[in-house]
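Remarks on the overall topology
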Amino acid sequence: MTTNYTIPTTPNAVRYHATGKPDEVLKYEAVSDDAREPAAGEVLVLMETAVIHPSDLGMIGGTYGRLRALPAVAGREGVGRVAKLGADVTKFKIGDRVRMPEDAGVWREAIVARADDLMSVPADLPAEQAAMAFINPPTAWLLLHEFADLKPGDWIIQNASNSAVGECVIQLAHALGLRTACLVRSPEKHEAKLRAMGADVVVADDDKALKAVMPQLGGAAPRLALNSIGGMSAITLTRSLGQDGQLVTFGGMTGDAIRFPTREFIFKNVALRGFWMDRWARSAKPGALQAVFDAVYARLRDGSLKMAVDSVYPINQYAEALARAGGYGRNGKVLLRGPGA
Ligand SMILES: NC(=O)c1ccc[n+]([C@@H]2O[C@H](COP(=O)([O-])OP(=O)(O)OC[C@H]3O[C@@H](n4cnc5c(N)ncnc54)[C@H](OP(=O)(O)O)[C@@H]3O)[C@@H](O)[C@H]2O)c1
């Protein structure tokens, strides 16, 4: 770990002054406040690694559930290194790793922030895994713990199983002794990898998915279905559920409205629920969020959870990184690297 960082004199950030398409509204520009000396109680943090998520595009586009005041720096998740201390800061030393403050936007080279507002992040974790620890793994963890009282051997079913959340669900469920039925658009591409992570059943997410999956569950029916797609795929998940099963929707990659099959709703008492990590975190009891992060860190450390990285771009190549993130055929998250790396 270096403690001798090169601090940019005019740190840049990926910023938007109006919501819209990323290639039209994003600008790589200096944010003057990021360059100032930290005052008493403040530290200067250099971004180490940041993540590109579908929700970042929703925020930039103005469609996400919570938007930022404009102009806004883009990006929600990442880690940084403390590179300068203001007077009276005892919580951190130079080189400590912290979570980049989400609300301020994280696709930036540097930020000056109050030390008390920053969350420590274990420095022994690989930077890329640490940067991805705050949104998708906690979402997967909470989806498995907050809805059904699942017992080892129970089945769950999900779509977009090769998504970052989907792969976290498979690995965390496997460690809990749960069995996973996994729908993907391209099983020929993803089946071997998902099975190696612990997936029990992998089938194509098409109009034959229900017929393909049910005979493989040994007569059981899933108790929990996790939907981040919508449309026909969500209907397949709902139809697979057993009595009193729950369909939890946490994403809508197709943009389609969710329709539900009436029979399951009435005869099986299936419940349709929504989940938003952001809302959960804001209403969680003190310490609850940190406890979920600690559970995630422990699994990243012991190797039972690992997230795929497709590629890493220097932050000034954010436009290429976004093109890669939005393109077909990527395998894992696209990350941005900053001067704290
Ligand atoms: N509610 C919450 O708190 C919360 C938290 C985290 C994430 N999420 C949401 O969860 C979803 C997944 O996030 P992520 O970061 O894991 O995503 P990701 O790693 O970028 O993966 C995206 C997934 O969506 C699939 N997909 C994309 N477009 C699709 C379409 N038109 N039809 C069917 N499948 C499509 C992809 O399949 P291919 O590989 O076949 O393209 C891939 O499996 C997103 O909607 C995200 O916003 C919600």
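Not measured: the values here are computed from a predicted model. (Residues numbered from 1 in each chain as written. Predicted model: local features only at pLDDT ≥ 70, side-chain atom pairs only at ≥ 80, totals over all residues. Heavy atoms only, no water.)

Here the focus is the UniProt feature "domain: Enoyl reductase (ER)" (unreviewed entry) in the protein. The sites that carry the UniProt feature "domain: Enoyl reductase (ER)" (unreviewed entry) are, in the present numbering, residues 21-336. Regarding residues 21-336, the helix share stands at 32% and the strand share at 22%, and the terminal C-alpha atoms are separated by 19 Å. (UniProt positions renumbered as here; feature names shortened; annotations may be inferred. Helix = DSSP H or I, 4+ residues; strand = E, 2+ residues; numbered from the N terminus.)

Take the pairing of strand 13 (residues 271-274) next. Bridge count for strand 12 (residues 246-249) against strand 13 is 4 bridges, and the pairing is parallel. When the bridges of strand 13 are listed, V248 appears paired with R273. Chirality of the crossover, the property in question, places the unit of strand 12, helix 9 (residues 262-267) and strand 13 among those that are right-handed. (Pairing = 2+ DSSP bridges. Right-handed = clockwise from strand over helix to strand, strands pointing away.)

What follows deals with the layout of surface pockets. Counted as a void, the second largest pocket has a volume near 410 Å³. R99, E102, A281, R282 and L289 are the residues nearest the centre of the second largest pocket, which is lined by 19 residues in total. The dominant element in the lining of the second largest pocket, judged by the number of residues it contributes, is helix 10 (residues 277-283), at 4 residues. Looking at the lining of the second largest pocket residue by residue, the class counts come to 10 nonpolar, no polar and 9 charged. (1 Å grid on protein atoms, 1.4 Å probe; cavity = no way out; pocket = protein on both sides within 12 Å on 5 of 7 lines; lining within 4 Å. Points joined across faces, edges and corners; volume = space filled by probe spheres on them. Nonpolar A, V, L, I, M, F, W, Y, C, P; charged D, E, K, R; others polar.)

Our focus in this paragraph is the sheet that holds strand 12. Spatially, 6 strands are ordered 10-9-8-11-12-13 in an open sheet, and the strand pairing comes out parallel. Both edges of this open sheet fall to strand 10 (201-204) and strand 13, since each of them pairs with a single strand only. On average, each strand axis in the sheet is inclined to that of its neighbour by 20 degrees, with strand direction left out of account. Sheet topology places strand 8 (residues 155-158) next to strand 9 (residues 179-184); 4 bridges connect them, and they run parallel. Within the sheet, the bridge partner assigned to I156 lies in strand 9 and is T180. Its contacts with the sheet put helix 6 (residues 187-197) on strand 9 and strand 10, and the angle it makes with strand 10 is roughly 170 degrees. (Axes fitted to C-alpha atoms, helices over the stretch in contact; angles between N-to-C directions. Contact = heavy atoms within 4.5 Å.)

For the protein, the assigned domains read domain 1 (12-134 + 309-337) and domain 2 (147-274). On a C-alpha basis, the centroid separation for the pair domain 1 and domain 2 is 32 Å. The interface is formed by 6 residues belonging to domain 1 together with 6 residues belonging to domain 2. With both sides pooled, the region where domain 1 packs onto domain 2 buries about 370 Å², and carbon together with sulfur makes up 48% of that total. Run the count over domain 1 and domain 2 and you get 0 salt bridges. Scanning the region where domain 1 abuts domain 2 turns up 1 residue pair in polar contact (both at pLDDT 80 or more). Considering only residue class, the side of domain 1 that touches domain 2 consists of 2 nonpolar, 2 polar and 2 charged. (Domains from an automatic or database assignment. Buried area = accessible area lost by both parts, 1.4 Å probe. Salt bridge = Lys/Arg side-chain N within 4 Å of Asp/Glu carboxyl O. Polar contact = N/O pair within 3.5 Å; in protein donor to acceptor, adjacent residues only side chain to side chain.)

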